[in-house]
Amino acid sequence: MLYAYGNHHSSSLIPPKHSSRTNQQLHRYSHEPISSNLLHRDIPPVLILLLFLFLIIIILSQILVVHTSRYGANFSSMQKVQEELKQMDESMEALLRNNVLPIEQWRLLFHIQTYLSRFENLFHSWTNLTNTSKSLKISNHKLKHRNYCSEEPRYLQGRFLNENSTFPNISLYEIETNYTNVRSGGQWSPSHCLARHRVAIIIPYRDRLEHLITLLYYLHPILQRQELDYKIFVSEQEGNGTYNKAVLMNAAFLYASSEYDFQCFVFHDVDLIPEDDRNMYSCPIFPRHMSVAVDEMNYKLTYEELIGGVLNIRTEHFLTVNGYSNLYWGWGAEDDDLYYRFKEVSIKIIRPPAVIARYRMLQHTKRVPSIWNKRAKLLYSAAKRYTWDGVSSVRYNLTSAIEYPLFTHLTIDVGSPPPGFS
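Attention here is on the structure that accompanies the text. (Residues numbered from 1 in each chain as written. Predicted model: local features only at pLDDT ≥ 70, side-chain atom pairs only at ≥ 80, totals over all residues. Heavy atoms only, no water.)

**Notes on the state of the cysteines**
Defined simply, a disulfide is a covalent bond joining two cysteines at their sulfur atoms.
Thinking step 1. In the structure shown here, the tally under the stated rule is two disulfides.
Thinking step 2. A sulfur-sulfur distance of 1.9 Å marks the disulfide that ties Cys 149 to Cys 193. Judged by the torsion about the S-S bond (85°), the Cys 149/Cys 193 disulfide is right-handed. Of this pair, Cys 149 sits in the loop between helix 5 (132–144) and helix 6 (172–178) while Cys 193 sits in the loop between strand 1 (187–188) and strand 2 (198–205), placing them 44 residues apart in sequence.
Thinking step 3. A relative accessible area of 2% places Cys 149 in the buried class.
Thinking step 4. Covalently, Cys 264 is tied to Cys 283 through a disulfide, its sulfur atoms 2.1 Å apart. The sign of the -75° torsion about the S-S bond sets the Cys 264-Cys 283 disulfide as left-handed. Of the two residues, Cys 264 sits in strand 4 (residues 264–268) while Cys 283 sits in the loop between strand 5 (272–274) and strand 6 (288–289), which places them 19 residues apart along the sequence. The two residues Cys 264 and Cys 283 agree in class, both being buried.
Thinking step 5. Here the chain pairs its bonded cysteines, counted in sequence order, in the arrangement 1-2, 3-4. (Disulfide = S-S within 2.5 Å. Helix = DSSP H or I, 4+ residues; strand = E, 2+ residues; numbered from the N terminus. Buried < 20%, exposed > 50% of the residue type's maximum accessible area, 1.4 Å probe, protein only.)

**Quick notes on a nonpolar patch on the surface**
Thinking step 1. A contiguous nonpolar patch, built from Val 46, Leu 47, Leu 49, Leu 50, Leu 53, Ile 56, Ile 59, Leu 60 and Ile 63 and spanning about 890 Å² of accessible area, is present on the exposed surface.
Thinking step 2. Among the secondary structure elements, Ile 56 is positioned in helix 3 (residues 45–96). (Patch = residues over 30% accessible without salt bridge, like charges linked within 9 Å, V, L, I, M, F, W, Y side chains within 5 Å. Areas by Shrake-Rupley, 256 points an atom, 1.4 Å probe, with all protein chains shown as cover. Salt bridge = Lys/Arg side-chain N within 4 Å of Asp/Glu carboxyl O.)

**Observations regarding the pattern of salt bridges**
Opposite charge on two side chains permits pairing when their charged atoms draw close.
Thinking step 1. Applying the stated criterion to the full structure yields 19 salt bridges.
Thinking step 2. Between Asp 261 and Arg 198 there is a salt bridge, with the nearest N and O atoms lying 3.3 Å from each other. Taken together, the residues Asp 261 in the loop between helix 8 (245–259) and strand 4 and Arg 198 in strand 2 connect sequence positions 63 residues apart.
Thinking step 3. Residue Asp 261 is classed as partly exposed on the basis of its relative accessible area of 38%.
Thinking step 4. In this structure, a network of salt bridges that share partners links the residues Lys 245, Asp 269, Glu 334 and Asp 335.

**Some details on the pairing of strand 10 (residues 397–403)**
Thinking step 1. Across six bridges, the pairing between strand 10 and strand 11 (residues 408–413) is antiparallel. Looking at strand 11, one finds that Ile 402 is bridged to His 409.
Thinking step 2. In textbook terms, the turn of a hairpin is the stretch between consecutive antiparallel strands, and for strand 10 and strand 11 this stretch comprises four residues. (Pairing = 2+ DSSP bridges.)

**Thoughts on the sheet that holds strand 7 (residues 293–294)**
Thinking step 1. With respect to topology, three strands assemble into an open sheet ordered 5-9-7, the strand pairing being mixed. Pairing within the sheet leaves two strands with one partner each, and these edge strands are strand 5 and strand 7.
Thinking step 2. Pairing geometry for strand 7 and strand 9 (residues 358–361), over two bridges, is parallel. Pairing of Ala 293 across the sheet is with Arg 358, part of strand 9.

**Comments concerning the pairing of strand 4**
Thinking step 1. Counting buried residues along strand 4, five of its five residues qualify, which places the element largely inside the surrounding structure.
Thinking step 2. What you see with strand 4 is no split at all: Cys 264, Val 266 and His 268 on one side and Phe 265 and Phe 267 on the other are buried throughout.
Thinking step 3. Here strand 2 runs beside strand 4; their pairing, made up of four bridges, is parallel. Opposite Ile 201, over in strand 4, you have Val 266 as the bridge partner.
Thinking step 4. Two elements, strand 4 and strand 8 (residues 310–314), share five bridges in a ladder whose sense is antiparallel. Paired with His 268 across the two strands is Val 310, which belongs to strand 8.

**Overview of the nonpolar core**
Thinking step 1. With 44 residues, the main nonpolar core has Phe 253, Phe 265, Phe 267, Tyr 324 and Phe 342 as its most contacted residues.
Thinking step 2. Looking at which element gives the most residues to this core, the answer is helix 8, with ten residues.
Thinking step 3. Residue contacts for Phe 342: discarding those within four places in its chain leaves Pro 287, Ile 307, Leu 311, Ile 313, His 317, Val 321, Ile 347 and Ile 349.
Thinking step 4. Of all hydrophobic cores here, the second largest spans 37 residues; its members include Ile 201, Ile 203, Met 290 and Met 361. (Core = buried A, V, L, I, M, F, W, Y, C linked by side-chain atoms within 4.5 Å. Contact = heavy atoms within 4.5 Å.)

**Describing the environment of Leu 306**
Thinking step 1. The topology assignment puts Leu 306 in the loop between strand 7 and strand 8.
Thinking step 2. By relative accessible area, Leu 306 is classed as buried at 11%.
Thinking step 3. What Leu 306 contacts, discounting residues up to four positions off in sequence, is His 289, Met 297, Leu 301, Asp 336 and Arg 351.

**A closer look at the side chain of Asn 250**
Thinking step 1. Residue placement: Asn 250 occurs in helix 8.
Thinking step 2. Given a relative accessible area of 0%, Asn 250 falls into the buried group.
Thinking step 3. Dropping the residues within four chain positions of it, Asn 250 is found in contact with Phe 318, Gly 323, Tyr 324, Asn 326, Gly 390, Val 391 and Val 394.

Below, the structure written as structure tokens:
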């Protein structure tokens, strides 16, 4: 075998057939590179590239098929939302160009109009009185002998409801017969002292008569035990169009301000029943979020920006932030928008302790909120928009204002949403 590896030896010593087979074996174990011609006989690079492209197209098409089968129904709606978002921008620009009065001028005009309206109401009341001079003497005599009510009301009971409490099945007529001390329109003030706070309760309302009856049943006694000079306004939207809670609250604020010199306003959801009368409805120094702990939310504040439910705000603070935005058509986010307005003008929110600021939520079918993309777009611009979008620019028609025994009922025509806001 050693002779087989030497090329200088005579070939006669090696049998031809054996030599050929040995050379083939040696060639197999040779370290010389394989000829590149063998590689060129494989798949060309261009064909490999086309193959990869073809595989990518197949994979993408399969992903698209799966995505379409799962979310295909949303494609058209997503496209519609994008178109509506563009229409929202156009509508907001149109509102901005719609000769909106600067906020400082509007506030001055607001004060002039409210003073004129109050004087007119006082004049009509004056002319309707019989024996005017005698009534004035009696009134002045009573006022001289009345002191201000105590800063800490003496008749509070503390917590009167808990998780296991049941609500009474009572009619509005039964409540009216029990609360005969309430004046027409839902107004009351203590007779033994002068109230320290003048409070307007505004309840935005739609199709919740049972809830309204339950709320009135509990709310009137609480406000009386707190010795407040108060009046309850129920602001209802006319018709079955798209709901606009903010317009209802702005409209009720303007109406109540024209009637009486209220120091603060409590915007109160109709389905929230207070559990503790130590949660004061009196006028606070800063805006007070009162519904801190709600049973529906496990008596916890779900997020810091939450100020919806029950909010108590002084008149001057409401005017400073221009009230609520009128652009939230549908359910949700108008309260969050108000929070960012407060933040923009550096007005802080205060809250009572959660052990006192407790509320029970009445059971009802939850309404579907408006599309989040629209709400997010509005919330993003809340701080920039407050000077021209709010109570100063609210558009509505007051269809009726009726004073019932326990509340004043306002019927508001809010109109139709602008393009992109429906």
